[in-house]
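The lines below spell out each chain.
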Amino acid sequence: MMEKIDLPKRWEIAQESEKEYWEEYTKDALLKEEFNRHKKKAEILEKEWNNFTNLDKNTKILQIGCGPEDVISHIKIGKRYAIDPLAEFYKKKFELNYGSLKFIQGRGEELPFKDKFFDIVILANVLDHVESPDKVLSEIKRVLKDDGIFHFENLFYQTNFIRIAKMWGGIKKSITGKIFNIHHPYMFILNDLKKIISKDFSIIHEDIAREIAYYEDIEELREKKLQEKRLTVKLPAIFGLYGTINYIAVCKKKS
């Protein structure tokens, strides 16, 4: 459920809050919390992508909005690229060894790469952080090869959850002057995510589950997502009040 917001001001506020969030982290805390999860996720994704393409040493892979440490740092094959609006801040703050990863500062709305350059593009829980979702997806289509893979993930919310969040956000801002969900200029329902993706891409496989790294592989993810019986999940879902649900899609670009 997308709404009109004051851009680019809202995006700039979100970026500043993102920077403040990471300022609280030490290098040790970052690695402890993120390293193993992203390493495991990279192993799972490499295996999954091989079902749709042939990975080799020449495969070019881009991750957009990777933060200071993400799955792109752990992919073992191919030529790796990453871009983030706060890249230089992350490099100075954490002093991580990115090895052969080409990590540059920039935005998904203006990707500094040639047309049809990448075999795989990753956009994982980033679309709700950007200034213009449509422009980011258009840029991904531009830099992705005709037979390339677009790996997409994003959290979505049920409709009533967003309605209540908007009401609470208005109350919070009027009382405290603070923005609700400040890191995210957008909150999506699932149909909106699929609709915006489908403008430029065909969805060839999709899943709804927790973060991939919580599972041993994609097969376990698909098996266990059907066994979710916790009342704390089922009860809110019945009334459309469940939020932060992870949507995962493998896509091919439309001609």
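Bear in mind the structure is a predicted one, so any value in this text is a computation, not a measurement.

Q: If you had to explain the nonpolar core to someone new, which residues and values would you point to?
A: Ranked by size, the top nonpolar core spans 31 residues in total, and within it Leu62, Val121, Leu123, Leu127, Ile140 and Phe150 carry the most contacts. Going through the elements one at a time, strand E1 (60-64), strand E2 (79-84), strand E4 (118-124), helix H4 (133-143), strand E5 (144-156), helix H6 (190-197) and strand E7 (245-253) are the ones with two or more residues in this core. Aside from chain neighbours lying at most four places away, what touches Phe150 is Val121, Leu123, Leu137, Ile140, Leu144, Phe201, Ala249, Val250 and Cys251. Core analysis: the next-biggest nonpolar cluster, separate from the first, contains 27 residues, Leu45, Phe89, Phe94 and Tyr98 among them.

Q: Could you give an account of unusual backbone geometry, naming the residues involved and the relevant values?
A: Although it is not a glycine, Lys116 adopts a positive phi angle of roughly 50 degrees. Of note in this structure, Asn125 is not a glycine but carries a positive phi near 55 degrees. Note that Asn125 resides in the loop between E4 and H4. On the basis of relative accessible area, Asn125 is assigned to the partly exposed category, the value being 24%.

Q: Got a sec to walk through the packing of aromatic side chains? Specific residues and values, please.
A: Applying the stated criterion to the full structure yields 17 aromatic pairs. With centroids separated by 6.3 Å and ring planes inclined at 10 degrees, the aromatic side chains of Phe113 and Phe117 adopt a geometry described as stacked. In this structure Phe117 comes out as partly exposed when scored by relative accessible area, which is 22%. Cluster of aromatic residues (ring-pair linked, three or more members): Tyr21, Trp22, Tyr25, Phe89, Tyr90 and Phe94. The residue whose ring lies beneath Lys60 is Phe117, and the NZ or CZ to ring-centre distance is 5.1 Å. The positively charged end of Arg107 is found above the aromatic ring belonging to Trp11, 4.8 Å away from the centroid.

Q: Give me the lowdown on the side chain of Asp128, citing residues and values where you can.
A: As for its placement among the helices and strands, Asp128 is situated in the loop between E4 and H4. Buried within the structure, Asp128 lacks any salt-bridge partner; Arg10 is the closest side chain of opposite charge, at an N-O distance of 10.0 Å. Engagement of the side chain of Asp128 in a polar contact is seen with the side chain of Asn154, the distance being 3.4 Å.

Q: Can you lay out the pattern of salt bridges for me, pointing to particular residues and giving the numbers?
A: One pass over the structure, following the stated rule, counts 16 salt bridges. Salt-bridge contacts for Arg107 lead to Glu131; the nearest nitrogen and oxygen are separated by 2.7 Å. With a gap of 24 residues between them, Arg107 in the loop between strand E3 (102-105) and E4 and Glu131 in the loop between E4 and H4 connect regions that are remote in the sequence. With respect to class, Arg107 is no different from Glu131; both count as buried. The salt bridge partner of Lys135 is Glu110, with a shortest N-O separation of 3.9 Å. Here Lys135 is found in helix H4, whereas its partner Glu110 is found in the loop between E3 and E4, with 25 residues between them in sequence. Among the charged side chains, a network of salt bridges with common partners joins Arg107, Glu109, Glu110, Glu131 and Lys135.

Q: Run through the packing of helix H1 (residues 9-23) against helix H3 (residues 87-94), naming residues and quoting values.
A: Close contact between H1 and H3 brings their axes to 11 Å; oriented N to C, the two are set at 10 degrees. In terms of orientation, H1 and H3 fall into the roughly parallel class. Contacts between H1 and H3 involve Glu18, Lys19, Trp22 and Glu23 from the former and Phe89, Tyr90, Lys93 and Phe94 from the latter. By residue class, the composition of the contact of H1 with H3 is four nonpolar, no polar and four charged.

Q: Please set out the side chain of Arg80 residue by residue, giving values where relevant.
A: Looking at the secondary structure, you find Arg80 in strand E2. Of the buried charged residues, Arg80 lacks a salt bridge, with Glu46 as the closest side chain of opposite charge at 8.3 Å. Only 3.4 Å separates the side chain of Arg80 from the backbone oxygen of Ser73, close enough to count as a polar contact.

Q: Let's hear about the pairing of E4: which residues, and what values?
A: Strand residues, when the strand is regular, have side chains that alternate between the two faces of the sheet. Counted residue by residue, E4 has seven buried out of seven residues, so it is predominantly covered. Pairing between E4 and E5: six bridges, direction parallel. Paired with Ala124 across the bridge in E5 is Glu153.

What counts as what
- Residues numbered from 1 in each chain as written.
- Predicted model: local features only at pLDDT ≥ 70, side-chain atom pairs only at ≥ 80, totals over all residues.
- Heavy atoms only, no water.
- Core = buried A, V, L, I, M, F, W, Y, C linked by side-chain atoms within 4.5 Å.
- Buried < 20%, exposed > 50% of the residue type's maximum accessible area, 1.4 Å probe, protein only.
- Helix = DSSP H or I, 4+ residues; strand = E, 2+ residues; numbered from the N terminus.
- Contact = heavy atoms within 4.5 Å.
- Phe/Tyr/Trp six-rings, centres within 6.5 Å; stacked < 30°, edge-to-face > 60°.
- Lys NZ or Arg CZ within 6 Å of the ring centre and 35° of its normal.
- Lys, Arg positive; Asp, Glu negative; His and termini not counted.
- Salt bridge = Lys/Arg side-chain N within 4 Å of Asp/Glu carboxyl O.
- Polar contact = N/O pair within 3.5 Å; in protein donor to acceptor, adjacent residues only side chain to side chain.
- Axes fitted to C-alpha atoms, helices over the stretch in contact; angles between N-to-C directions.
- Parallel < 35°, antiparallel > 145°, perpendicular 65-115°, else oblique.
- Nonpolar A, V, L, I, M, F, W, Y, C, P; charged D, E, K, R; others polar.
- Pairing = 2+ DSSP bridges.

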